[in-house]
Amino acid sequence: MRPRDSIALPGSPAIPDRPVGPGEDQYTETKHMQLAMVGLGRMGSNLVRRLMRAGHACVVYDADPAAVAALVREGATAAADLGTLVATLDAPRTVWVMLPHGEATEQTIAALGQGLSAGDAVIDGGNSFYQDDVRRAQALAARGIDYLDIGTSGGVWGLERGYCLMIGGPVACVQRLAPIFEALAPGAGALERTPRREGLAPSAEHGWLHCGPAGAGHFVKMIHNGIEYGMMQALAEGFDILRNANQPSIPAERRYDFDLADIAELWRRGSVVSSWLLDLTAQALAGDRDLSNYTGVVADSGEGRWTVQAAIEEAVPAEVLTAALYARFRSRQDHTFAEKLLSAMRHKFGGHVEKR
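Reading the values: the criteria
- Residues numbered from 1 in each chain as written.
- Predicted model: local features only at pLDDT ≥ 70, side-chain atom pairs only at ≥ 80, totals over all residues.
- Heavy atoms only, no water.
- Buried < 20%, exposed > 50% of the residue type's maximum accessible area, 1.4 Å probe, protein only.
- Helix = DSSP H or I, 4+ residues; strand = E, 2+ residues; numbered from the N terminus.
- Pairing = 2+ DSSP bridges.
- Lys, Arg positive; Asp, Glu negative; His and termini not counted.
- Salt bridge = Lys/Arg side-chain N within 4 Å of Asp/Glu carboxyl O.
- Polar contact = N/O pair within 3.5 Å; in protein donor to acceptor, adjacent residues only side chain to side chain.
- Contact = heavy atoms within 4.5 Å.
- Core = buried A, V, L, I, M, F, W, Y, C linked by side-chain atoms within 4.5 Å.
- 1 Å grid on protein atoms, 1.4 Å probe; cavity = no way out; pocket = protein on both sides within 12 Å on 5 of 7 lines; lining within 4 Å.
- Points joined across faces, edges and corners; volume = space filled by probe spheres on them.
- Nonpolar A, V, L, I, M, F, W, Y, C, P; charged D, E, K, R; others polar.
- Right-handed = clockwise from strand over helix to strand, strands pointing away.

**Topic: the pairing of strand β8 (residues 208-212)**
- Counted residue by residue, β8 has four buried out of five residues, so it is predominantly covered.
- Across four bridges, strand β7 (residues 164-168) lies against β8 in parallel orientation. Pairing of M166 across the sheet is with L209, part of β8.

Here is the structure:
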């Protein structure tokens, strides 16, 4: 078992023996902080909104002036460019980059590395490849700049539900920014505590965790998304079998005409397979019984491929996750009801729009 990290929750001088219980204050004091956000898409904008609701000050920049203006109206401070953004922040500065993985993220982090100073921090909260994090962290460390990679899960619902944060990078930097993570994460909520968690990281019960050094956050998020592919594929295939139980090729006495929306709703209540993905499936089927608004084209954003690559490197069998990834490839050629349901789930939890 990996020893717990020396991360104290905000307002706590040391790691508590246990997370706070029901009816207790989560922490005695909230430290309001300042953070800059680069990239104001669905996730970036809502991260800023959630931080400002918690009393944190946000400086924002995006190539789209309308996205910046919308958040300025809600209390954020605008920056016209990266140089202005850095100059607006008080030291030690923290800049969160929320851009698509690839060249946009690479160029932005490289530019920030030239403008920031020792003691400052750069966060990549997008879906970057973990090996890129290791390289970037090393380059920024040479200038005394901390680098955190944060796998951010929550989609379009994160503003209200909170975000699950999987964090990689230096312990001291994570500790300094703990108030930010507490504001973004869901918190302990009403979930029952898992028994025998004494001695384990208390922040995990709040919805954020320091997973390890550079790259660890995005590695954990990569596997999270690979598992997500498998869970979604299992639901989609199961409902497709139910839907086709009335085919003429089946003997009449064994044909069934199931109402999929009702079955999805049924399974939400006390079933072993109940989950948030099933909740979203029930929503999709209740609003569009035949999923006529979806073609069944299912995209993959990279993490599924990287999960399979990691499995190969580690010689770990991953038949379900690999098959789920290949099913997405096939979805771009012909479209079954299962693939329409996958597309519907992606739209419901992340606002992902099909490519037409």
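**Details of the side chain of D288**
- By secondary structure assignment, the location of D288 is in the loop between α11 (276-287) and α12 (303-314).
- There is no salt bridge for the buried D288, and the closest opposite charge comes from K340, which lies 8.0 Å off by N-O distance.
- A distance of 3.0 Å separates a polar atom in the side chain of D288 from the backbone nitrogen of S292.
- When near neighbours in sequence (up to four residues on either side) are disregarded, D288 contacts N293 and Y294.

**Some remarks on the nonpolar core**
- Counting residues in each nonpolar core, the largest one holds 34 residues, and the members touching the most others are W96, L148, L165 and F181.
- Residues in contact with W96, not counting those within four places in the same chain, are L35, A36, M37, V38, L47, I123, G125, I150, T152, L165, I180 and L184.
- Ranked by size, the runner-up nonpolar core spans 25 residues in total, among them A236, L242, A284 and A338.

**Describing the layout of surface pockets**
- Counted as a void, the second largest pocket has a volume near 190 Å³.
- Looking at the second largest pocket, the residues that line it are V297, V298, A299, D300, S301, R332, S343, R346, H352, V353, E354 and K355.
- The residue inventory of the lining of the second largest pocket, partitioned by class, reads four nonpolar, three polar and five charged.

**Points about the sheet that holds strand β6 (residues 146-153)**
- Strand order across the open sheet formed by eight strands is β3-β2-β1-β4-β5-β6-β7-β8, with mixed pairing between neighbours. At either end of the open sheet lies a strand with only one pairing partner, and these are β3 (77-78) and β8.
- Pairing analysis gives five bridges linking β6 to β7, with the strands arranged antiparallel. What sits directly across from S153, in β7, is C164.

**Structural notes on the pairing of strand β5 (residues 121-124)**
- Burial of the side chains of β5 extends over both faces: A121 and I123 are buried on one face and V122 and D124 on the other.
- Across four bridges, strand β4 (residues 94-97) lies against β5 in parallel orientation. Looking across to β5, one finds that V97 is bridged to D124.
- For the segment spanning β4, helix α4 (residues 103-115) and β5, crossover handedness is right-handed.
- Inspection of the sheet shows β5 paired to β6 by four bridges, in the parallel sense. Bridged to V122 within β6 is Y147.

So, to be careful, I would describe these as geometric facts and stop short of saying anything about function.
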